[in-house]
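# What the coordinates show
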Amino acid sequence: MKLDAILQPVSLAEMAGEARRLDAMGFDGVWSFETCRDPFLPLLQVALASRRLSFGPNIAVAFARSPFSMAMTAWDLHRESGGRLILGLGTQVRAHVERRFSMPFDRPAARITDYVRCMRAIWETFQTGARPDYEGPFYRFQLINDFFNPGPIDQPPIPVYIAGVNPRMAKAAGAVADGFCVHVMHSPAYLREIIRPAIEEGARTGGRSAGDITLSAMLFVVRGDTPARRAESEKALRRQIAFYASTPSYRGFLEYHGHGATGERLSALMRQRKLEEMPALIGDDLLAAVAVSEADGDIAEQIRTRYDDHLVQRVCLYEPVPADADIEQWRQFTMRVKER
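Per chain, the residues get numbers from 1 upward, laid out in the order the sequence is written. Confidence filtering applies because this is a predicted model: local features only for residues at pLDDT of at least 70, side-chain atom pairs given and counted only at 80 or more, and all residues used for totals across whole chains, interfaces and linings. Here the side-chain values reflect all heavy atoms present in the structure, with hydrogen atoms and water set aside.

Moving on to the side chain of Glu-18. The topology assignment puts Glu-18 in helix 1 (residues 15-24). The cut-offs for exposure are 20% and 50% of the maximum accessible area for each residue type, with area from a 1.4 Å probe on protein chains only; residues under the lower value are buried, those over the upper are exposed, and the others partly exposed. Taking the relative accessible area as the measure of exposure, Glu-18 reaches 6% and is therefore buried. Only heavy atoms matter for contacts: two residues are in contact if any of them lie within 4.5 Å across the pair. Leaving out residues up to four positions away in the same chain, Glu-18 has contacts with Ile-6, Leu-7, Gln-8 and Val-10. The helix count covers DSSP runs of H or I at least four residues long, the strand count covers runs of E at least two residues long, and both are numbered beginning at the N terminus.

Salt bridges are defined as contacts in which a side-chain nitrogen from Lys or Arg sits within 4 Å of a carboxyl oxygen from Asp or Glu. Throughout the structure, instances matching the rule amount to 20 salt bridges. Residue Asp-76 pairs with Arg-79 through a salt bridge whose shortest N-O separation is 2.4 Å. Here Asp-76 and its partner Arg-79 are both found in helix 3 (residues 67-80), 3 residues apart, which amounts to about one turn of the helix. Residue classification places Arg-79 among the partly exposed residues on the basis of a relative accessible area of 32%. Counted as one network, the salt bridges with shared partners bring together Glu-34, Asp-38 and Arg-65.

Before going further, it helps to examine helix 1. Most of helix 1 is tucked away, with 7 of its 10 residues classed as buried. Every buried residue of helix 1 is accounted for by Met-15, Ala-16, Glu-18, Ala-19, Arg-21, Leu-22 and Asp-23. Among the structural elements, strand 1 (2-6), strand 2 (29-32), helix 2 (41-49) and helix 13 (327-338) are those in contact with the buried residues of helix 1. Just past helix 1, the residue Gly-26 takes up positive phi, approximately 95 degrees.

Bringing the environment of Phe-141 into the picture now. The topology assignment puts Phe-141 in strand 7 (residues 140-141). The sequence separation of Phe-141 and Pro-67 amounts to 74 residues, and the corresponding C-alpha distance is 8.7 Å. Among all residues touching Phe-141, those that are not within four sequence positions of it are Phe-68, Cys-118, Ala-121, Ile-122, Thr-125, Pro-132, Asp-133 and Tyr-134.

Function cannot be read off these values alone, since they describe shape.
Here you go:
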């Protein structure tokens, strides 16, 4: 199992140092987010500063960009890094795609499937000079000339991961992707009983092997060496879980754990902007389903136990490594997580 980290929200000028720091701690890869900044600009700094770390967006909003635009950015990063990019794509939700990005959103699982196929057709033309000849239900690639073709690279194909929380998107990942970005709102049981079967079904329909698809999971951690510090950490996590759980996209996960009514109440509170009332609805059982805690012992051992039986192949801590963290202590931690 590989252990990844998310990048600190430092300036672009400081990002090279952040990459070298996480590299020295023994992390296998780093991820950026598409929240309040572009997800790709920090990754160029990572590509240039490190020679070992894999890296990628977790996630970049696919529908905010055309397949050709995404293909070009990914091609550049993969080439400059010597083949270390992992392209994590997500669909976002209708309101943000249509009203924030001003782009079309319909049948998201079918659309992201077509998006990935179109992007791979573009990469095939970059690599081999093949005549553009892709036309899908949503996207097409039928025109290029040498002036716009960056040409081949001597690297393995770019792995594409699709993010999701529900079976339909997991099935899409099984059909066309190299990996599935498991949302932090998950439990091991939900992965075993809901997500992995959906990936396997998608792989069968695409004539592929589910064993070739990497699962990369985000994980909440309750931090603190005293009860008071853990209580503060739990408070912050309950706020974050409540925010996610208020979105209908996560209703299936909540229903699986018997919290469908909680999701409806959280949605209502979000519409009423009663944000301060939301964390109290996140009970201890739901917190325990999605997080590990220092109150329960060594975090490295808990991660290995939580994801036994090769349930996932990559794990990423949801919060950045603190800026003042001791490099050697974290190096020992990453080694314990990855030891067999």
